[in-house]
Amino acid sequence: MFSFGAFGYGLIEILWRGFTHPSMLTAGGICFLFFAKIGEKFKKANLFIKALIGSGFITFIELIFGVIFNLILRKNVWDYSNMPLNFKGQICFLYSFFWAILSFLFIPIATVMNKRLQKLK
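Each chain has its residues counted from 1, running along the sequence as written. Two thresholds apply to this predicted model, a pLDDT of at least 70 for residue-level local features and 80 or more for giving and counting side-chain atom pairs, whereas whole-chain, interface and lining totals are computed over all residues. With hydrogens and water excluded, all non-hydrogen atoms of the structure serve as input to the side-chain values.

Participant: What's the story with the state of the cysteines in this structure? I'm lost.
Facilitator: Count a disulfide wherever a pair of cysteine sulfur atoms falls within 2.5 Å. Applying the stated rule across the entire model yields zero disulfides. Left without a disulfide partner, C31 is nearest to the cysteine sulfur of C92, which lies 15 Å away. Judged by relative accessible area, which is 3%, C92 ranks as buried. Partly exposed describes any residue whose relative accessible area lies between the buried limit of under 20% and the exposed limit of over 50%, with all areas from a 1.4 Å probe on protein chains only and scaled to the type maximum.

Participant: Sorry if this is basic, but what is going on with the side chain of S103 here?
Facilitator: Comment: elements are numbered from the N terminus, with helices defined as DSSP H or I runs of at least four residues and strands as E runs of at least two. Following the sequence through the fold, S103 ends up in helix α4 (residues 93–120). A distance of 2.8 Å separates the side chain of S103 from the backbone oxygen of W99, its partner in a polar contact. Setting aside anything within four residues of it in sequence, one finds S103 in contact with F35, A51, G54, S55, I58 and P108. Polar contacts here mean pairs of N or O atoms no more than 3.5 Å apart (in protein, one a potential hydrogen donor and the other a potential acceptor; neighbouring residues in sequence count only if both atoms are side-chain atoms). Only heavy atoms enter the contact rule, under which two residues are in contact if any of them lie within 4.5 Å.

Participant: Just to check I follow, could you spell out the nonpolar core for this structure?
Facilitator: Grouped burial of nonpolar side chains is what soluble globular proteins tend to show. Buried Ala, Val, Leu, Ile, Met, Phe, Trp, Tyr and Cys residues that are joined via side-chain atoms within 4.5 Å together make up what is termed a nonpolar core. Of all hydrophobic cores here, the largest spans 22 residues; its most connected members are M24, F35, I61, F65, W78, Y80 and W99. Of all elements in the fold, only α2 (22–41), α3 (47–72) and α4 reach the threshold of two or more residues within this core. Sort the elements by how many residues they give to this core and α2 lands first, with seven residues. Those residues in contact with I61 that sit more than four places away from it in its chain are A27, I30 and C31.

Participant: Quick question: what am I supposed to make of the pattern of salt bridges here?
Facilitator: Where charged atoms from two side chains of opposite charge approach closely, those side chains can pair. Salt bridge, as used here, is a side-chain nitrogen of Lys or Arg placed within 4 Å of a carboxyl oxygen of Asp or Glu. Taken as a whole, this structure holds two salt bridges when the rule is applied. Among the salt bridges present, the one from E13 reaches R17, with a minimum N-O distance of 3.3 Å. With E13 and R17 both in helix α1 (residues 2–17), this residue pair falls four residues apart, about one helical turn. With a shortest N-O distance of 3.9 Å, E40 and K37 are connected by a salt bridge. Separated by three residues within a single helix, E40 and K37 lie in helix α2, roughly one turn from each other. Overall, K37 belongs to the partly exposed group, its relative accessible area being 44%.

Participant: Is there a simple way to explain a positive patch on the surface in this structure?
Facilitator: Taken together, K41, K43, K44, K115, R116 and K119 make up a surface patch of like positive charges. Relative to the assigned elements, R116 resides in helix α4. Here R116 falls in the exposed class, since its relative accessible area comes to 61%. Patch membership needs two things, relative accessible area over 30% and no salt bridge, and members are linked within 9 Å if like-charged or within 5 Å if nonpolar (Val, Leu, Ile, Met, Phe, Trp, Tyr). Only the protein chains shown count as cover for residues, and all accessible areas are computed by the Shrake-Rupley method using a 1.4 Å probe. Positive charges are assigned to Lys and Arg, negative charges to Asp and Glu, while His and the chain termini are left out of the count. Each charge is placed at NZ for Lys, CZ for Arg, CG for Asp and CD for Glu.

Participant: What exactly am I supposed to notice about the environment of L33 here?
Facilitator: Secondary-structure assignment places L33 in helix α2. Residue L33 is classed as partly exposed on the basis of its relative accessible area of 37%. Residues L33 and G5, spaced 28 residues apart in sequence, show a C-alpha to C-alpha distance of 7.5 Å. Once residues lying within four places of it in the same chain are set aside, the contact partners of L33 are M1 and F2.

Participant: Please clarify how α1 should be interpreted in this entry.
Facilitator: Since the α-helix packs 3.6 residues into each turn, any two residues three or four apart lie on the same face. To estimate the expected span of a helix, subtract one from its residue number and multiply by 1.5 Å. End to end, α1 covers 22 Å across 16 residues, agreeing with the expected 22 Å (1.5 Å per residue, within 8%). The set of residues buried in α1 consists of G5, A6, Y9, G10 and E13. Buried residues of α1 fall within an arc of 125 degrees about the axis and therefore sit on the same side. Structural note: α1 exposes S3, F7 and L15 on the side pointing more than 90 degrees away from its buried face. Here the buried face of α1 lies against α2 and α4. Remark: G18 follows α1 within two positions and exhibits a positive phi of approximately 90 degrees. Directions are taken from the helix axis to each C-beta atom, and the arc is the one they span.

If you want it as structure tokens, here you go:
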């Protein structure tokens, strides 16, 4: 599950902006694992609600990784300083909206994958 999320997010980033950073593979893997947990813990919730939870989690992970890799280590992986409603250039409203769309699309996939992997155990 982690590898699928890491590879998938890295691919999305390469398609979206032409490159990625190794830290983003880790973030993508963590987020995809969390998508599976959302599907497991919020079975009866509307997918829209699940997507909002997913977006909040991704935004939180993005803030943590941004502080570490952009502000502390100065890797300059991304910078949202020019975006409206940003926080220290690390998170912004527009990308939180994009994370909701990704969550809406990928939480069902993570949920199905997780159920199938649980059956294999």
